[in-house]
Amino acid sequence: MDKFVIRGGNPLLGTVRISGAKNAALPAMAAALLTEEPVILENIPQVRDIETERKLLVAMGAEVELGYGRAQHRTTINCRNLNTPEASYELVKTMRASTLVLGPLVAKFGRAHVSLPGGCAIGARPIDLHLKGLEKLGAKITQEHGYVEARADRLKGGHIVFDKITVTGTEDLLMAAVLAEGETLIENCAREPEVKDLADLLIKMGAKIEGAGTSTIKVKGVARLRGAKHRIIPDRIEAGTFIIAGAISGGDLMVTNCDPNHLTSLLNKLEEVGVKVTRNGESVRVLSLGGLKASDIVTEEYPGFPTDMQAQYMALVTQADGSSIVTENIFENRFMHAQELVRMGASIKIEGRRAIIRGRTPLSGAAVLASDLRASASLVLAALVAEGETIIDRVYHIDRGYERIEEKFRGVGAEIRRIGELLPRKVHVQAHA
Ligand code: UD1
């Protein structure tokens, strides 16, 4: 199992380029199941979850070519010979977003056999809302031996009102509705930019969709979709992580190839905390003037403060004067980074869904354990300001969603290196964000 060794104390200076959004790339790859023609996606990040999705599609009989570097981080997916509409437990357990194939498979092939994801490090994370929505579109759902079987000759348009806002649920149902017969109205939808990006791709493929990016989406089903070429939006969580890295390290960092409009709640909050951020076209410059002030956050669905930035924000406010309250409203068990930050010297008290962080406390390097994707990022951020050396174990979590993170950090002056274990052992990756 790889580890990161980080020596803190360097302000981050220079320019860092943001990759494509993992959470937009995953549904876009699943959307390729909806057509027999090739779908070409650009700006695909080179991260582990993308490799998992590639394996998932290939196991079904899809042809998936992935090229990085000069090949523009491009993938070409062709599902004309798809023969096994199934997602095995082996793959679903390493990446919950595998359930995104459910909607497109029933819509296109009339059948999907997909493993139930089970719990994960940050909470229960059921998929009941995906299943209820598919039933509303006429699918027959059965569950047996840990698998969901969904069948329909052809899905029929319907009226879906989500009991709770769900990002991948909205995406899954959107992909089901585009090939359903008749009109579908979906209410209480997630408004995340990744949902809008998926809709943009589907529209290029010939789908009739209105309202994606708002809470009400209308779909007019079509009989078939064609291939398309699409560029994935920038990763707002990777951008946010580097912006906080610039702030926490007392640096001056230019974060490029991002979309500042997707970062509004974070950037507004950072200004309150006393970080100078300048939005400029496709980049954000972050300048730390020192003297950070405590400020509370509550995680919410987009456009609120993202749960995927909560852990990184918590690391930042350990360095702010005063008490900050962080309330996690989306997932019930997403404070596992707090105990590791405490081991580095932070003062954090957890009360149910609230964490109270008392700052500013000096941090010191320690051996810590990454528990999920974003928690690992917060430990890297804390390590950047810690005195001495921090060793972060289980960085396979971070590799799921951040492309070449140590190279990017080194490029702006951080002292970070990856070390492997002498005796490799079998790793069981736990599913999470
Ligand atoms: C997506 C993101 C993840 C992010 C999360 C919240 C992807 C691949 N992942 O995850 O990075 O942290 O949104 O912004 O895009 N819920 C149910 N029943 C369901 C579905 C969800 O009760 O059928 C609950 C969940 O347990 C959770 C809440 O709804 O409490 C929101 O989850 P959801 O938006 O579905 O998260 P994901 O789409 O899995």
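Everything that follows concerns the structure shown earlier in this document.
Residues numbered from 1 in each chain as written. Predicted model: local features only at pLDDT ≥ 70, side-chain atom pairs only at ≥ 80, totals over all residues. Heavy atoms only, no water.

**Student:** With reference to specific residues and values, describe the overall build of the chain.
**Tutor:** Looking only at helices and strands, the chain features 14 helices and 24 strands. The principal-axis extent of the C-alpha atoms belonging to the chain is close to 60 × 45 × 40 Å. Within the chain, the proportion of its 433 residues that are buried is 58%. Here the analysis covers contacts within the chain between residues at least 6 apart in sequence; of these, 73% occur between residues at least 24 apart. As displayed, the chain has an accessible area near 16,800 Å², and 48% of this comes from carbon and sulfur atoms. (Helix = DSSP H or I, 4+ residues; strand = E, 2+ residues; numbered from the N terminus. Buried < 20%, exposed > 50% of the residue type's maximum accessible area, 1.4 Å probe, protein only. Contact = heavy atoms within 4.5 Å. Areas by Shrake-Rupley, 256 points an atom, 1.4 Å probe, with all protein chains shown as cover.)

**Student:** So, the site of the ligand: which residues are in play, and what are the values?
**Tutor:** Close to the ligand lie 18 residues, the nearest being Asp 128, Thr 166, Thr 168, Asp 308 and Ile 330. Between the ligand and Pro 126, the relevant distance is 3.2 Å, taken from an oxygen atom to a main-chain nitrogen or oxygen of the residue. A distance of 2.6 Å separates an oxygen atom of the ligand from a polar backbone atom of Ile 330. In the complex, 90% of the free accessible area of the ligand, which totals 740 Å², lies under the protein chains. Contributions of two or more residues to the shell around the ligand are made by helix H5 (128-136) and helix H6 (167-177). (Near = heavy atom within 4 Å. Polar contact = N/O pair within 3.5 Å; in protein donor to acceptor, adjacent residues only side chain to side chain.)

**Student:** Please set out the sheet that holds strand S12 (residues 208-210) residue by residue, giving values where relevant.
**Tutor:** Sheet architecture is open: 4 strands sit in the order S10-S11-S13-S12, paired in mixed fashion. Since the sheet does not close on itself, it has two edges, and those belong to strand S10 (159-161) and S12, each with one partner. Within the sheet, the average angular offset between the axes of one strand and its neighbour, ignoring direction, is 15 degrees. Sitting on the sheet, H6 touches S10, strand S11 (183-187), S12 and strand S13 (216-220), and the angle it makes with S13 is about 20 degrees. (Pairing = 2+ DSSP bridges. Axes fitted to C-alpha atoms, helices over the stretch in contact; angles between N-to-C directions.)

**Student:** Explain the packing of aromatic side chains residue by residue, including any values.
**Tutor:** Where two aromatic rings form a pair, the distance of their centres and the angle of their planes describe that pair. For the structure shown, the criterion picks out 2 aromatic pairs. With 4.6 Å between their ring centres and 40 degrees between their planes, Phe 242 and Phe 409 make a pair best called tilted. Taken together, the residues Phe 242 in helix H8 (residues 236-248) and Phe 409 in helix H14 (residues 405-411) connect sequence positions 167 residues apart. Given the relative accessible area of 1%, Phe 409 is considered buried. (Phe/Tyr/Trp six-rings, centres within 6.5 Å; stacked < 30°, edge-to-face > 60°.)

**Student:** Tell me about the sheet that holds strand S22 (residues 367-369), and name the residues and values.
**Tutor:** Pairing within the open sheet is mixed, and its 4 strands lie in the order S22-S23-S1-S24. Single-partner strands in this sheet number two, and they are S22 and strand S24 (415-419). Direction aside, neighbouring strands of the sheet carry axes that sit 20 degrees apart on average. Where strand S1 (residues 3-7) lies against S24, 5 bridges are found, and the strand directions are antiparallel. Residue pairing across strands places Phe 4 opposite Arg 418, the latter belonging to S24. Against the sheet, helix H12 (residues 373-385) contacts S1, S22 and strand S23 (389-393), and its axis sits at roughly 25 degrees relative to S1.

**Student:** With reference to specific residues and values, describe the environment of Leu 179.
**Tutor:** Among the secondary structure elements, Leu 179 is positioned in the loop between H6 and S11. By relative accessible area, Leu 179 is classed as buried at 5%. The sequence separation of Leu 179 and Arg 154 amounts to 25 residues, and the corresponding C-alpha distance is 8.2 Å. Those residues in contact with Leu 179, other than ones at most four positions away along the chain, are Leu 34, Ala 107, Lys 108, Arg 154, Val 222, Ala 223, Arg 224 and Leu 225.

**Student:** Lay out the side chain of Ser 98 with the relevant residues and their values.
**Tutor:** For Ser 98, the location among the structural elements is in the loop between helix H3 (89-92) and helix H4 (102-109). Discounting residues that sit within four places of it in the chain, Ser 98 has contacts with Leu 56, Leu 91 and Val 92.

**Student:** Talk me through the pattern of salt bridges; I want residue IDs and the actual numbers.
**Tutor:** Enumeration over the complete set of coordinates arrives at 29 salt bridges. Here Arg 418 and Asp 2 are joined by a salt bridge, their closest N and O atoms 3.0 Å apart. Here Arg 418, found in strand S24, pairs with Asp 2, found in the segment before S1; they are 416 residues apart in sequence, far enough to count as distant. Asp 2 gets classed as partly exposed once you look at its relative accessible area, which sits at 30%. (Salt bridge = Lys/Arg side-chain N within 4 Å of Asp/Glu carboxyl O.)

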